[in-house]
Amino acid sequence: MKIIRPILLVALLLGGCGRAPQPDTLRIFNWSDYIGSKTIETFRTNNAAKVIYDNYSSNEDLIAKLDSGGAQYDLVFPSSYAVEILRAKGLLRTIDHAALPNLTNLMTEFAHPSFDQELQVCVPYTWSTTGIGYDSTVISDDEAKSLAILFDPRFKGKILMLDDMRASLGMALKALGYSANSTNATEVAAARDKLLAQKELVHVYASMNIPQLLGSGEVKLAYGWSGDILRAATVNKNIRFMVPKEGTLVYVDYMCIPTNAPNPALAHKFINHVLDPAVAADIAETIKYAIPNTRAKDLVSPDTKLLWDQLQTANDPSKLEQVHNLGSALDLYDKAWQAVKAAK
C-alpha cells in the first residue's frame, strides 16, 4: 500500500482547487472579412467560450483541408456546390434542429435547397451574386451592363478578377453564352482560352481585400461578389454594382459542422447565435451581404435595406445560375484553371 505524504497530499488538493475551469473552444474556418463586427465577441461573452478563427480563400481550399483529415474545425462556411461535395465525401455531420430554436427566423425561400431539402447538414448563412463592380467616373452604366467590359484593353492593369475557379471560369462561360455548370470539354476549353486572352489585362486575381482594392482606386473594374462590391461602395461613392446582361452566378453560403468536429455542441450554439435577428443584422451591416433572415431586415439601416432591395430587383431570375457540383467533370475545370493561373 502506497503512503502519500501529508505535504504532497495538501499540494495536490490545493493545486486542484486553484485551477480555473478551462473555457470551451470553438474552432471556426471561414472566408476572410466574412463575419459581423460583434459576432464573435458577443458569442464569447454569452457562452464563456474561446474562439479560434481561421480563414480560407476558396471553396477548393476548404474542401482540400477537410478532405486531408488533418484539420479539425467545428464550423465551416462552404458555398452550395461545396456542401454537395463535402456531404458526398462523408465530411459533414448531421445538424440537430432541436438545438437551433432560431432556425424559425430563416426565410422560407432558403429553407429547402435542392441538394439538402431538409437542411440535414447545412444552414444558410448569406446569399449573393457575382457581378461587375466599377468606378462610374471612368466606366458608364451602359458599358458595365456587359461582361465584354472585362475584356476591354482600355482598362489594362486596372481589372480585378476573382481568384476562384468556378466563379471566373463561370464568368467566361456566361460571356460565351454557355452554362456556368457546363460539362462540355469544348466549352470549358473555350472559357479557359478566353481567360488566357484576358490575363494580360488583369491587375490581380483576388478573393480577399476586394473592397479595399476597388474602393481605393487601385483597380477600376472588378468581377466580384456583390457584398464585396457593395462594401467598396460604402467607402467610395463612385463605385457601382451591375448584374451583367449575359447572366451571372448566384451563391448561397452555408454553416456546416465537419464530421470530426471536436465540439459540435458549441458549433450548434454558434449557428443559433448567428440566426438571432440582432446578430444577423450586425453581420449584414458589416459585410454587406444579404442575409436570409426574415427578422433581421427590420433591424438593418435604411441604406443596407436599400442595397438588398436593389440587388433583388436587379436580378432577372432567368439570368441567375447557381453553381452546382459537377462530379467527375470538375477535373475539366481544375485543368483549365491551372492553365490560366500558370500562364505568364
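Residues numbered from 1 in each chain as written. Predicted model: local features only at pLDDT ≥ 70, side-chain atom pairs only at ≥ 80, totals over all residues. Heavy atoms only, no water.

Asker: How would you summarise the overall build of the protein if you had to cite specific residues and measurements?
Answerer: Along its length, the protein carries 12 helices and 10 strands. Here the C-alpha coordinates of the protein stretch approximately 85 × 45 × 40 Å along the principal axes. Counting the 344 residues in the protein, one finds 52% classified as buried. Pairs at least 24 residues apart make up 75% of the contacts formed inside the protein by residues separated by at least 6 positions. In the form shown here, the protein has an accessible surface area of approximately 15600 Å², with 53% of it arising from carbon and sulfur atoms. (Helix = DSSP H or I, 4+ residues; strand = E, 2+ residues; numbered from the N terminus. Buried < 20%, exposed > 50% of the residue type's maximum accessible area, 1.4 Å probe, protein only. Contact = heavy atoms within 4.5 Å. Areas by Shrake-Rupley, 256 points an atom, 1.4 Å probe, with all protein chains shown as cover.)

Asker: Give a description of unusual backbone geometry that names residues and reports values.
Answerer: The residue Ala 48 is not glycine, and still its phi comes out positive at about 50°. With respect to the element layout, Ala 48 can be found in the loop between helix H2 (39-47) and strand S2 (49-56). Judged by relative accessible area, which is 55%, Ala 48 ranks as exposed.

Asker: Could you give me a rundown of the environment of Leu 106, with the residues and numbers involved?
Answerer: Relative to the assigned elements, Leu 106 resides in the loop between helix H4 (80-88) and strand S4 (123-135). You can call Leu 106 buried: its relative accessible area is 8%. Taking the C-alpha atoms as reference points, Leu 106 and Arg 87, separated by 19 residues in sequence, lie 22 Å from one another. For Leu 106, the contacting residues outside a window of four places in its chain are Ala 111, Leu 119, Pro 124, Pro 292 and Thr 294.

Asker: Report on the side chain of His 273, specifying residues and quantitative values.
Answerer: Looking at where His 273 falls in the secondary structure, it is placed in helix H9 (residues 264-274). Judged by its relative accessible area of 11%, His 273 falls in the buried class. Excluding its chain neighbours within four sequence positions, the residues that come into contact with His 273 are Thr 39, Thr 42, Phe 43, Asn 46 and Val 279.

Asker: Tell me about the sheet that holds strand S1 (residues 24-31), residues and numbers included.
Answerer: Spatially, three strands are ordered S2-S1-S3 in an open sheet, and the strand pairing comes out parallel. Pairing within the sheet leaves two strands with one partner each, and these edge strands are S2 and strand S3 (75-76). Along the sheet, H2 contacts S1 and S2; its crossing angle with S2, the most-contacted strand, is approximately 155°. Here H9 sits on the sheet and contacts S1, S2 and S3; the angle it forms with S1, its principal contact strand, is near 55°. (Pairing = 2+ DSSP bridges. Axes fitted to C-alpha atoms, helices over the stretch in contact; angles between N-to-C directions.)

Asker: Give me the packing of helix H6 (residues 185-198) against helix H12 (residues 330-342): which residues, what numbers.
Answerer: Closest axis-to-axis distance for the H6/H12 pair is 9 Å, and the angle between their directions is 15°. In terms of orientation, H6 lies roughly parallel with respect to H12. The interaxial crossing formed by H6 with H12 has right-handed handedness. Every residue of H12 that contacts H6 at Ala 185, Val 188, Arg 192, Leu 195 and Leu 196 is listed here: Leu 332, Tyr 333, Ala 336, Trp 337, Ala 339 and Val 340. Partitioning the contact of H6 with H12 into residue classes produces 10 nonpolar, no polar and one charged. (Parallel < 35°, antiparallel > 145°, perpendicular 65-115°, else oblique. Left-handed = near helix turned anticlockwise from the far one by under 90°. Nonpolar A, V, L, I, M, F, W, Y, C, P; charged D, E, K, R; others polar.)

Asker: Could you give an account of the pattern of salt bridges, naming the residues involved and the relevant values?
Answerer: On inspection of all chains with the given rule, the structure shows 14 salt bridges. With a closest N to O distance of 3.6 Å, Asp 116 and Arg 87 form a salt bridge. Here Asp 116, found in the loop between H4 and S4, pairs with Arg 87, found in helix H4; they are 29 residues apart in sequence, far enough to count as distant. For Asp 116, a relative accessible area of 3% gives the class buried. Looking at Arg 87, the relative accessible area reads 32%, which means it is partly exposed. Across the pair Lys 335 and Asp 331 runs a salt bridge whose closest N-O atoms are separated by 3.2 Å. On the criterion of helical spacing, the pair formed by Lys 335 and Asp 331 is a turn pair, its members being four residues apart in helix H12. Among the residues examined, Asp 331 registers a relative accessible area of 38% and is labelled partly exposed. A single network of salt bridges, built from pairs that share partners, joins Glu 143, Asp 152 and Arg 154. (Salt bridge = Lys/Arg side-chain N within 4 Å of Asp/Glu carboxyl O.)

Asker: I'd love a proper account of the nonpolar core, names of residues and values included.
Answerer: In this structure, Leu 75, Phe 77, Leu 150, Leu 221, Phe 270 and Ile 271 are the most contacted members of the largest nonpolar core, which totals 115 residues. If we skip the residues at most four places from it in the chain, Ile 271 touches Leu 75, Ile 95, Leu 100, Val 123, Met 255 and Ile 257. (Core = buried A, V, L, I, M, F, W, Y, C linked by side-chain atoms within 4.5 Å.)

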